[in-house]
Structures are given as C-alpha cells and as structure tokens.
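Architecture at a glance
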Amino acid sequence: MMLQGENILKQYHHKGGVINALDHVSFTVEKGDFVTVTGPSGSGKSTLLLSIFGLIRLSSGTIVFDGRRIDNINDRQLTAIRKISVGYILQGFALIPYLTTIQNVMIPLALEKVPGKEQVKRASEILDYVGLADRMEHLPGELSAGQQQRVAIARSIVHRPKIIMADEPTGNLDPSLSLEILDFLKKINQENNITIMMVTHSPVAAEYGTRKLHLNDGRIIKS
Amino acid sequence: MTISKLVFIELWKRKSQLITGLLAITLGIAVIVAIQSVSVVSEQNVARNLDNLGANILVLPQGASIDDYYTSDIDAPTLPMDYVERILNSTIAGVDNMSPKLTRRVKVGDQSVVLTGILPKSEIASKPLWQTSGLTGAQLTTACAPNKTANISHGLEDEKLKRKAIDTLYSDDCLAGSQVANRLKLRVNGRINIMGKEFKVVKILPETGTVDDDRVFANLKDVQKLLKIENQVSAIEIMGCCNAISEGLLSQLRNILPDTRVTTIGQIVSTQIETNHLMKKVTLVMLIIIFFVGGISIGNYIWANVNERKREIGMLRMMGADRSAIYKMFLLKALILGVAGGILGYLSGTLAGVVLGPYLAGIIVKPVFIYLLWSVLFSVAIALAGSLFPTYLAARFDPHTNLQED
Ligand SMILES: Nc1ncnc2c1ncn2[C@@H]1O[C@H](COP(=O)(O)OP(=O)(O)OP(=O)(O)O)[C@@H](O)[C@H]1O
Ligand SMILES: [Mg+2]
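Now for a description of the structure that goes with this document.

Reading the values: rules and limits
- Residues numbered from 1 in each chain as written.
- Chains lettered and ligands numbered in written order.
- Predicted model: local features only at pLDDT ≥ 70, side-chain atom pairs only at ≥ 80, totals over all residues.
- Heavy atoms only, no water.
- Phe/Tyr/Trp six-rings, centres within 6.5 Å; stacked < 30°, edge-to-face > 60°.
- Helix = DSSP H or I, 4+ residues; strand = E, 2+ residues; numbered from the N terminus.
- Buried < 20%, exposed > 50% of the residue type's maximum accessible area, 1.4 Å probe, protein only.
- Axes fitted to C-alpha atoms, helices over the stretch in contact; angles between N-to-C directions.
- Parallel < 35°, antiparallel > 145°, perpendicular 65-115°, else oblique.
- Left-handed = near helix turned anticlockwise from the far one by under 90°.
- Nonpolar A, V, L, I, M, F, W, Y, C, P; charged D, E, K, R; others polar.
- Core = buried A, V, L, I, M, F, W, Y, C linked by side-chain atoms within 4.5 Å.
- Contact = heavy atoms within 4.5 Å.
- Pairing = 2+ DSSP bridges.
- Buried area = accessible area lost by both parts, 1.4 Å probe.
- Salt bridge = Lys/Arg side-chain N within 4 Å of Asp/Glu carboxyl O.
- Polar contact = N/O pair within 3.5 Å; in protein donor to acceptor, adjacent residues only side chain to side chain.
- Near = heavy atom within 4 Å.
- Areas by Shrake-Rupley, 256 points an atom, 1.4 Å probe, with all protein chains shown as cover.

1. Structural notes on the packing of aromatic side chains
Counted according to the given criterion, the structure contains five aromatic pairs over all chains. Between phenylalanine 53 of chain A and phenylalanine 65 of chain A the ring centres are 4.9 Å apart and the planes differ by 90°, which places this aromatic pair in the edge-to-face class. Separated by twelve residues along the polypeptide, phenylalanine 53 of chain A in the loop between α1 (45-52) and β4 (60-65) and phenylalanine 65 of chain A in strand β4 bring together distant segments of the chain. Residue phenylalanine 53 of chain A shares its accessibility class with phenylalanine 65 of chain A, and that shared class is buried. Here the aromatic rings of phenylalanine 291 of chain B and phenylalanine 292 of chain B are separated by 5.8 Å at their centres, their planes lie at 80°, and the arrangement is edge-to-face. Each residue in the set Phe291, Phe292 and Phe378 of chain B is aromatic and connected to the rest through ring pairs, giving one cluster.

2. A closer look at the packing of helix α14 (residues 323-360) of chain B against helix α15 (residues 370-395) of chain B
All names here are of chain B. Two elements in contact, α14 and α15, have axes whose closest approach is 7 Å; the angle formed by their N-to-C orientations is 150°. Taken together, the axes of α14 and α15 are roughly antiparallel relative to one another. Taken as a pair, α14 and α15 cross one another with a handedness that is right-handed. Residue composition of the contact of α14 with α15, grouped by class: 20 nonpolar, seven polar and one charged.

3. Quick notes on the nonpolar core
In terms of nonpolar packing, the biggest core is built from 106 residues, with Leu3, Phe27, Leu48, Phe53 and Met197 of chain A touching the most fellow members. When sequence neighbours within four positions are dropped, the list of residues in contact with leucine 48 of chain A reads Ile8, Leu22, Val25, Phe27, Val37, Met197, Leu213 and Leu215 of chain A. By size, the runner-up hydrophobic cluster in this structure holds 41 residues, among which are Val59, Val201, Ala244 and Leu253 of chain B.

4. Overview of the sheet that holds strand β8 (residues 195-199) of chain A
Residue and element names in this part refer to chain A. Across the sheet, which stays open at both edges, the six strands sit in the order β6-β7-β8-β3-β9-β10 with mixed pairing between neighbours. Each of the sheet's edge strands pairs with one partner strand only, and the pair in question is β6 (86-89) and β10 (219-222). The sheet shows a mean angle of 25° between the axes of neighbouring strands, direction not considered. The sheet contact formed by β6 and strand β7 (residues 163-167) spans four bridges and is parallel. Note on β7: the bridge partner recorded for glycine 87 is isoleucine 164. Where helix α2 (residues 75-85) meets the sheet, its contacts fall on β6 and β7, and the angle it forms with β6 comes to roughly 80°. Sitting on the sheet, helix α5 (residues 145-157) touches β6 and β7, and the angle it makes with β6 is about 170°.

5. Considering the interface of chain B and chain A
At the junction of the two partners, chain B supplies 26 residues and chain A supplies 27 residues. Together, the buried faces of chain B and chain A total about 2,400 Å²; carbon and sulfur atoms form 64% of this surface. Three residues stand out in chain B for area buried against chain A, namely Met1, Met318 and Met319 of chain B, and they jointly supply 31% of the buried area on that side. Inspection of the chain B/chain A interface yields one salt bridge. In this structure, aspartate 75 of chain A and arginine 317 of chain B form a salt bridge, with 3.1 Å as the shortest nitrogen-oxygen distance. For the interface between chain B and chain A, the tally reads eight residue pairs in polar contact (both at pLDDT 80 or more).

6. A look at the site of ligand 1
All names here are of chain A. With respect to spatial proximity, 13 residues lie near ligand 1, and among them Ser41, Gly42, Lys45, Ser46 and Thr47 are the closest. Between ligand 1 and the protein, one listed contact pairs an oxygen atom with a backbone N or O atom of serine 43 at 3.2 Å. At 3.5 Å from an oxygen atom of ligand 1 is found a side-chain nitrogen or oxygen belonging to histidine 201. Here ligand 1, which alone exposes 630 Å², has 65% of that area covered by the protein. For the shell around ligand 1, the secondary-structure elements that each account for two or more residues are β1 (3-14) and α1. Sorting elements by how many residues they give to the shell around ligand 1 places α1 first, with three residues.

7. Considerations on the pattern of salt bridges
In total, this model carries 16 salt bridges over all chains according to the counting rule given. Among the ionic pairs, arginine 219 of chain A bridges to aspartate 23 of chain A, the shortest N-O distance being 2.7 Å. Remark: aspartate 23 of chain A occurs in strand β2 (residues 17-29) and arginine 219 of chain A occurs in strand β10; sequence separation between them is 196 residues. Residue aspartate 23 of chain A is classed as buried on the basis of its relative accessible area of 14%. Linked through salt bridges whose partners overlap, the residues forming this network are Glu10, Arg14, Arg309, Glu312 and Lys333 of chain B.

8. Let's talk about the packing of helix α13 (residues 310-318) of chain B against α14 of chain B
Helix-helix packing is characterised by the crossing angle of the two axes and by the distance between the axes. Residue and element names in this part refer to chain B. It is at 10 Å that the axes of α13 and α14 come closest, and there the two elements cross at 140°. Of the possible angle classes, the one that applies to α13 and α14 is oblique. Crossing angle aside, the handedness with which α13 passes α14 is right-handed. Along its contact with α13, which presents Glu312, Ile313, Leu316 and Arg317, the element α14 presents Arg323, Ile326, Met329 and Phe330. Here the residues of the contact of α13 with α14 sort into five nonpolar, no polar and three charged.

Distances and angles like these do not, on their own, reveal function.
Next comes the structure, spelled out in structure tokens:
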C-alpha cells in the first residue's frame, strides 16, 4: 500500500458557517495504480488532490505515504517529499512564462540540485519522450496548448517521482488532444510503473482509471 | 538551471521594469556622489589656489566671494584702483607689497579663457612663497614676505618662483597658462587675438594644477582698456607682515577701504571648510532620505514583482521549493538591483561632478574611486532592507491559493 488517507476532514470557515470540503474521506492507493477522482464541481476533488502532500493543510485525519505519516509533519518535510517523490500536473499547464521549454523541465532537477550537465541530459531525454525534442528553446507562449501540457507532463516526471498528481490535466484541451494526453499518462503509468492520481470531469478520462474514486459533497460515494 | 540562474533570466527578460525599479536608488546615490566629489575637491582646490596666490590678504569688492574672484564672470563686482594709492599713502604699517588684478572670463574664438590683468613688478614682489606647506594660519609665520633667497633656503625652489620672475610685461605681451596654451595651440612668440586686440605670447607658464593654468596674463592697463573697466580691479592681493596682521592690519585696511571685503586667506579657507561641513550635514540628511525613499521604491518594485509572480511562486512551492528558495529568489534579485544601482549611481554622480564641477564650482573634479565601494554598499543595504518584507510575505504565501488559473 503506497498511499492511504483516513477520515480526512477539511473545513473552510465562512461568515455563513463551516463548509466541509472533505468530509471524513478515506481511500487507499497501491503502487502502480491509475486512480481517477470524479465528482461534480465543488465536490472537493481539487481539495483532496492538493491536501495529500500538504499544499492544503487538513483540519484532521491521517495520511500515510510509503509507510510514513505525513499529515502531521512540518512544511519543510512536506516540501522535501513533494520535491523528491511527487509530480504535479494542473489544468492550466503552470509553466514559468519566461523560461524556455527545457529550462521549465529542468526546474525540478534544479530544486534537487542535480548538476547542470545531467539536468540538460535528463530534460532533453524526457522532452524527446514526450515528442518535443524540436521545441526545447521555445517559450511557453510559443507553444500550442497540447504542447504546453506535454511540457508540464515532462516536468512532472523528469525527477522520476513515485506518484503523479494531476488535476484535470485535459480540462483545457479539445477531445482529441485530451485523448493524446491521457494515452500518454497511461503510457507513463504502465511503462515506468509510476502511480497516477488524476482528478477529472470527463467520463472518458475516468475510464482510464484502474481505481476510481467518486466524490460528492466532500464524501466518497464510490470507490 | 539553478534558482540564481532563474533570477538572472527573469531580470534579463524584464529589463524595462528593472530600470524603473532602479531609478530612485540610482538618482539618490548619483546626487550624493556628485556633491561629495565636488566638495572634496573644492576644499583641496581652494587651498591650492590660495597657495598659488602668494599673498596672505585679499581685498575683494563687498559682496564678492573668493569663487567670484576665480570664476571671473562678466558681471563680477570690481573695486576702484585708487585703493592701491590709498593704501600706499596711508600710515598703515605692515603692507609689504600689493598686486592689483583684474580678471574676466572672455571668449577667444569659441574657447573660454580667463584674462587676468597684472602689474608685473608688483606682481613679482608680492609673490614670495610665504609658507612651507598647507594653508593653516600657523605656517604664515614662517614667511613674512620672505625674499626669493629665503624661499630657496627653505628648499622651495618652486615653479611659482620661476614663473613669477618676470620683470616686465609690456603692453601687447601676454603670458599663457599651460591649459590655455594647449587648448588654443599657443606657442612662444605666437599671437593670440583677445577681443580684437593682438597679444604676443612671451611665455607659456608651467602647469600648476590650479585655475592659473586656464588663464592668460596681460598688463593690467591693457586689460582694463580692453574690457572697458578702466581704473577698476577685481581684487588687490596684499602681502602683509604677519605681526601686523595679528596687530589689526585687517581692520585698519577696512577703515580706509569702504565697500570692500578684507580677508586673510586663513579666513577664506576656514569659510570654505565651514561650507563643506554644512554640505556634510546636508549629505547626511539626504542619505537618510534616500535610504527611505530608495528602500520604499525598491520594496514597492519587489512587491509588485512578487504579486505578478504569485502563480510562479505557487508552482515552485508545489514542485518542492522551500521557503528559503523563495527568499533566495527575491533577495538575490534585490542584491543585484542594489549592486547595479550603486554602480550606476556612482558612475552618473561622478560624471555629473566631473562635467558640472567646472561650471558650478569652478573646480576640476576627479573621480573618487572609494566612493564606488560606499555607493554599492549603501545601495545594497537599501535594496535588501526594502525587499525584506515583501520577500517575507512571498515566502509565506499559501502555495495552493496561487496555483489556480486566474
Ligand atoms: N479557499 C477556500 N475557501 C473557502 N472555501 C473553499 C476554498 N477552496 C475551496 N473551497 C470550497 O471547497 C469546496 C471544494 O472545492 P474544490 O475546489 O475542491 O472543488 P472541485 O471538486 O475541485 O471543483 P471543480 O470541479 O469545480 O474544480 C467547494 O465548495 C469550494 O467552494
Ligand atoms: Mg477542482
């Protein structure tokens, strides 16, 4: 068992009262799983995805990753786990606008203080893998939406994470590009045995899941 | 890729923002460097000019300053030449020699030179070296109108002595300072036309490093006629006996010379030193103002930059950049801004001093290299102080709130 959440509670306090964005959610993920998280808008999907490795701090509940409790560790330790073991892909590509494709992909390696030459080597390999070998010196603004998302994917896997957390990675793409990206994620999942947890709206995307979580109003109703 | 490299790339890609961010700090430092370079030289320079004067008492028109005397503008006040007679005919004791002078800035072709009318004999006689070094009052006692031999026995075989050893300066002859000679390409026995009158250059004076280098000396009578200021002089340089000065020579002179300013060079120097002290205080106040204005302006720039890059900060935090990386990002940027602001401020301030010094203060200003160090240190301190708070806030941003698309 790679990742386990138990009784996860995330409350937002409002003038109008308290919102339980995550209402005692429990789940487990095995190594190599392709987990899809579905549910209506506002059901807590993003909150779940981002809270697991501390981008959102939980109100209560436990999370165990690789046999270690991570819900009660400090920011610095969580940051270190994200740096080494997690890759994120977001709906809005989230590339740094003034850096070239290859520089964007090198960021996770830079944070791990990988030597420059090796950064270039590994980033080029990954960009080749995602089919962007000829776009390495382009700025994000000079790439199409599908290409930008492939750069984001390259960036999320370049440091060989154990798990990829994707929040609607195809949300901004048209259906055919979406399939391309989904196939790609599946390939990464199968070829490299990298666990994937993907939030999605789309029933088609949800079909890629080997394990499916369905959220409604902050509660898991199907898994 | 490293965080530092990221900082440099971001700076480079947004150069225009950089310039506005730097403006306040650069201007502030430039002003201080300019003022400092001018005032540091002015002190030395007044001393050197007065040293070269060779007299220890200066009679100037009322309201004229020593600067007026040196810049010699066209409307600089004058005093009647009769005053020389008046001193001679008085019973005042202790005036060893006098040298009336009329100086005016004139155009020769498109060049500006200072034309100085002198009376040759008396000029020489009142030009002994009256001191061994420096300009403090104490040393005045070493030479109360010493003669040439006395000077040489003091080991003062100075260019000034050689230069002043001119027995005659005939009408139509002139002496040229070394810089003037250079600029106008004058040669001995060459000609120079000043305001329609031809002068023969009888001698080119050796370089002294003072305003004299920029002067043409001619007979006082000629100069008065040429400038149509007959019977008027700009100043009377007096060699007074030191004992007499301490016994009230100055006030005696004041009594018989109405509408004049009679000062010893010691007074002039101390006035200049007082002015410089005042400038130092003004500079200190400015330093404090610039610290705050510059700091706030840089802080404001960094804060705008932080806000513009919220999403980027969120992404970096998401990818595992810790808070110290965010500190590094913005403080390194501030450091670079500080260094750049210091260097630019130093360069523009020095340039302003060098270019404007001669016009504003009649002074040749040289770059003071140690100010570069101070400028950079000060500027870096301002930049870091101003950026600390915005950076602290940036590092504390909640990563996820900045990840969503806006
Ligand atoms: N910062 C916040 N402050 C208050 N409430 C919040 C905040 N962020 C999210 N919420 C609330 O928490 C709930 C879950 O939000 P979340 O973003 O996880 O939904 P989601 O399932 O990802 O929706 P979508 O499919 O639209 O992205 C929503 O009701 C939302 O209003
Ligand atoms: Mg969402």
